[in-house]
Amino acid sequence: FDAGAAAIGDPAGFRELWELTGHDMAADLELLAVEPLCRFNWTDGTHFDFTADAGALRREIARLDPADIPGFDALLAHLDALSGECGEFFQADRAPGPLAMLKAAPALARHRAWMSLHDTVSRFIRHPKLRQALTVHALLVGANPLTARAVHSPLLETGGAWWPRGGMNRLAAAMQRQFERLGGEIRLHDPVTAIHTIGTEAAEVETLSGWRGRFDAVASNADPVHTYRDLLRASPRGPQMARRLAKKRFSQ
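Peer 1: What should I look at first to understand the packing of helix α8 (residues 224-231) against helix α9 (residues 237-246) in this one?
Peer 2: Two packed helices can be described by the angle between their axes and the distance between those axes. Running from N to C, α8 and α9 point in directions that differ by 140 degrees, and their axes come no closer than 7 Å. On the basis of their axis angle, the class for α8 and α9 is oblique. You can see that α8 and α9 cross each other, and the crossing is left-handed. Only Arg237, Gly238, Pro239, Met241, Ala242 and Leu245 of α9 make contact with α8, whose side of the interface consists of Pro224, Val225, Tyr228 and Arg229.

Here it is, written out as structure tokens:
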């Protein structure tokens, strides 16, 4: 069960939010580096520390199987080339047309882009426990390592992780202070019951208490089905999108 954010992967992005307004995030929040990023334990007593430190990570791999070090380096090179040449093809907003598919075909074939993350890692890594440790990160983005394409591997994006002193709720509290410092208003314990539109634009928010406010832009972080089916139920687009979403296969 996902209880929320486990760590912060890009502290520079948060610091920029404060710096843009002439404030220092350190005055509101202290971040502690998480090291190792995670530890894998098996029932036979084997453990493996996954770390953002490249040297330490290679030492961990060598401890399980020194012969997998060259394979690991080859795997990183492969994933980098795969992402660089095929990533845009898979991350397009719309299904690629025939011309785009024809243009991308050589790179897709060369890098075996159709293979799953697990099968791709298995081409380079022979130790079964290392195969598990180097593919399980797909779960962090809601993907199944046995079916997700290798081009979506988060392995190349592991640049470290940080944890707010006092818990992740301290990040929310710090962002609230910064938001209110800029003149923002936060309403809690008053659930949104509807998003109203003017033409094709989401323009108003209504809550359970009857409060209603108009905004230049509305962002919903609720579940997409709930947003379209329930919150935008009075708009023409809401029920239409809800029916389309209901036909899709939901992630586990």
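Peer 1: Teacher, can you tell me more about the packing of aromatic side chains here?
Peer 2: Aromatic ring pairs are defined here through the distance separating the ring centres and the angle between the ring planes. Under the counting rule described, the total for this entry stands at three aromatic pairs. Arranged with centres 6.3 Å apart and planes meeting at 50 degrees, the rings of tryptophan 211 and phenylalanine 215 form a pair that is tilted. Residue classification places tryptophan 211 among the partly exposed positions, given a relative accessible area of 27%. Residue classification places phenylalanine 215 among the partly exposed residues on the basis of a relative accessible area of 37%.

Peer 1: I keep staring at a nonpolar patch on the surface and nothing clicks. Help me out?
Peer 2: A cluster of nonpolar side chains, Phe179, Ile186 and Leu188, forms an exposed patch at the surface whose accessible area comes to about 270 Å². Position of phenylalanine 179 relative to the elements: it lies in helix α7 (residues 169-181). The class of phenylalanine 179 is partly exposed, set by a relative accessible area of 39%.

Conventions we followed
Residues numbered from 1 in each chain as written. Predicted model: local features only at pLDDT ≥ 70, side-chain atom pairs only at ≥ 80, totals over all residues. Heavy atoms only, no water. Axes fitted to C-alpha atoms, helices over the stretch in contact; angles between N-to-C directions. Helix = DSSP H or I, 4+ residues; strand = E, 2+ residues; numbered from the N terminus. Parallel < 35°, antiparallel > 145°, perpendicular 65-115°, else oblique. Left-handed = near helix turned anticlockwise from the far one by under 90°. Contact = heavy atoms within 4.5 Å. Phe/Tyr/Trp six-rings, centres within 6.5 Å; stacked < 30°, edge-to-face > 60°. Buried < 20%, exposed > 50% of the residue type's maximum accessible area, 1.4 Å probe, protein only. Patch = residues over 30% accessible without salt bridge, like charges linked within 9 Å, V, L, I, M, F, W, Y side chains within 5 Å. Areas by Shrake-Rupley, 256 points an atom, 1.4 Å probe, with all protein chains shown as cover. Salt bridge = Lys/Arg side-chain N within 4 Å of Asp/Glu carboxyl O.

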